[in-house]
Amino acid sequence: MKKIITVSAATAFLLGASVMAVAEIKSLRGDLPLDAKPKPPAKARVISQTGGFKRAWKQQPPLIPHRIDKERITLNENSCLRCHAPDTYKAEKAPMISRTHFADPQNPSDANLMRNRWFCNQCHVPQVEADPLVENVFGR
Ligand code: HEC
Ligand code: HEC
């Protein structure tokens, strides 16, 4: 019986200590208590850059120099084609989708855009003004 009391007293002490420790733990949502609302992180601004971004290497999928949050890519719909398709790019003064993305590169058309190039933002991404989380040593 005495042993049980000692053990539970020790457990109670440990529990108390860990509750105190929890209050100091800092996670991605800060060191706030669970029921407090964290301040939302600052929204990063998407960079719009006339002339696009310089590629870091020749075959790099070019970065997107404009916002895409209003664009929609689903199984049947791709709003990027509104400006980048072979029959729309001239009027929109946008670069045409690379010929390498078409099954028949000599006669590019919406119909022969390859399905493995359908989800554009699988490879092409916009850029935001944000400090890098870690130092980038690529190419050094
Ligand atoms: C309203 C028209 C419009 C829509 C919609 C649009 N774009 Fe663009 N996009 C442009 C224009 C114009 C440029 C050229 C900007 C410049 O160079 O000044 C461009 C540039 C780009 C480039 C850079 C190409 C290069 O060689 O540097 C990529 C990649 C791109 N867009 C991808 C996309 C993707 C992916 C989508 C859909 C999520 C999309 N765009 C939707 C108009 C559009
Ligand atoms: C699997 C990856 C991938 C997907 C998906 C993809 N691209 Fe690309 N894209 C590339 C690469 C890599 C390049 C550069 C080399 C090349 O031209 O093939 C490129 C080049 C481009 C260029 C520049 C063309 C030029 O002449 O400079 C445009 C514009 C573009 N893609 C638009 C799109 C659009 C719009 C979509 C969606 C319909 C798309 N891409 C889907 C990888 C991809």
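Reading the values: rules and limits
- Residues numbered from 1 in each chain as written.
- Chains lettered and ligands numbered in written order.
- Predicted model: local features only at pLDDT ≥ 70, side-chain atom pairs only at ≥ 80, totals over all residues.
- Heavy atoms only, no water.
- Near = heavy atom within 4 Å.
- Polar contact = N/O pair within 3.5 Å; in protein donor to acceptor, adjacent residues only side chain to side chain.
- Helix = DSSP H or I, 4+ residues; strand = E, 2+ residues; numbered from the N terminus.
- Nonpolar A, V, L, I, M, F, W, Y, C, P; charged D, E, K, R; others polar.
- Donors = N, O, S within 2.8 Å, 3.2 Å for Na, K, Ca; no water.
- Tetrahedral: all angles 85-135°; square planar, octahedral: opposite > 155°, others 65-115°.
- Buried < 20%, exposed > 50% of the residue type's maximum accessible area, 1.4 Å probe, protein only.
- Salt bridge = Lys/Arg side-chain N within 4 Å of Asp/Glu carboxyl O.
- Core = buried A, V, L, I, M, F, W, Y, C linked by side-chain atoms within 4.5 Å.
- Contact = heavy atoms within 4.5 Å.

Visitor: Help me understand the site of ligand 1, please; the structure alone is not making it clear to me.
Guide: Neighbouring ligand 1 are 22 residues, the closest being Gly 51, His 66, Cys 80, Cys 83 and His 84. For ligand 1, an oxygen atom lies 2.7 Å from a polar atom in the backbone of Gly 51. At 2.8 Å from a nitrogen atom of ligand 1 is found a side-chain nitrogen or oxygen belonging to His 84. Per-element accounting of the shell around ligand 1 gives the leading share, three residues, to helix α2 (residues 81-84). Residue composition of the shell around ligand 1, by class: ten nonpolar, eight polar and four charged.

Visitor: Would you mind going over the coordination of the iron atom of ligand 2 with me for this structure?
Guide: In an ideal octahedron of six donors the angles at the metal are 90 or 180 degrees, and in an ideal tetrahedron of four donors they are 109.5 degrees. Around the iron atom of ligand 2, the donor atoms from the protein are His 101 (NE2) and His 124 (NE2), and they sit 2.0 Å away. Note that the iron atom of ligand 2 binds six donor atoms; their angles at the metal cover 84 to 179°, and the shape is octahedral. In this pair, His 101 is assigned in the segment after α3 (89-92) and His 124 in the segment after α3, connecting sequence segments 23 residues apart. Residue His 124 is classed as buried on the basis of its relative accessible area of 18%.

Visitor: Hey, could you run me through the pattern of salt bridges in this one?
Guide: Pairing of side chains with opposite charge becomes possible as their charged atoms draw close. Scanning the model with the defined rule gives four salt bridges in all. Note that Arg 45 is salt-bridged to Glu 129, the shortest N-O span being 3.3 Å. Here Arg 45 is found in the loop between α1 (2-24) and α2, whereas its partner Glu 129 is found in the segment after α3, with 84 residues between them in sequence. The shortest N-O distance in the salt bridge between Asp 69 and Arg 67 comes to 2.7 Å. By relative accessible area, which is 55% here, Asp 69 ends up exposed. Its relative accessible area of 46% is what places Arg 67 among the partly exposed residues.

Visitor: Hey, could you run me through the nonpolar core in this one?
Guide: In globular proteins that are soluble, nonpolar side chains generally tend to be buried together. Residues Leu 81, Ala 85, Ile 97, Phe 102, Leu 113 and Trp 118 constitute the largest nonpolar core, which totals six residues. With residues near it in sequence (within four places) discarded, Trp 118 still touches Ile 73, Thr 74, Leu 75, Asn 76, Glu 77, Asn 78, Leu 81 and Leu 113.

None of the figures reported here should be taken as evidence of function without further support.
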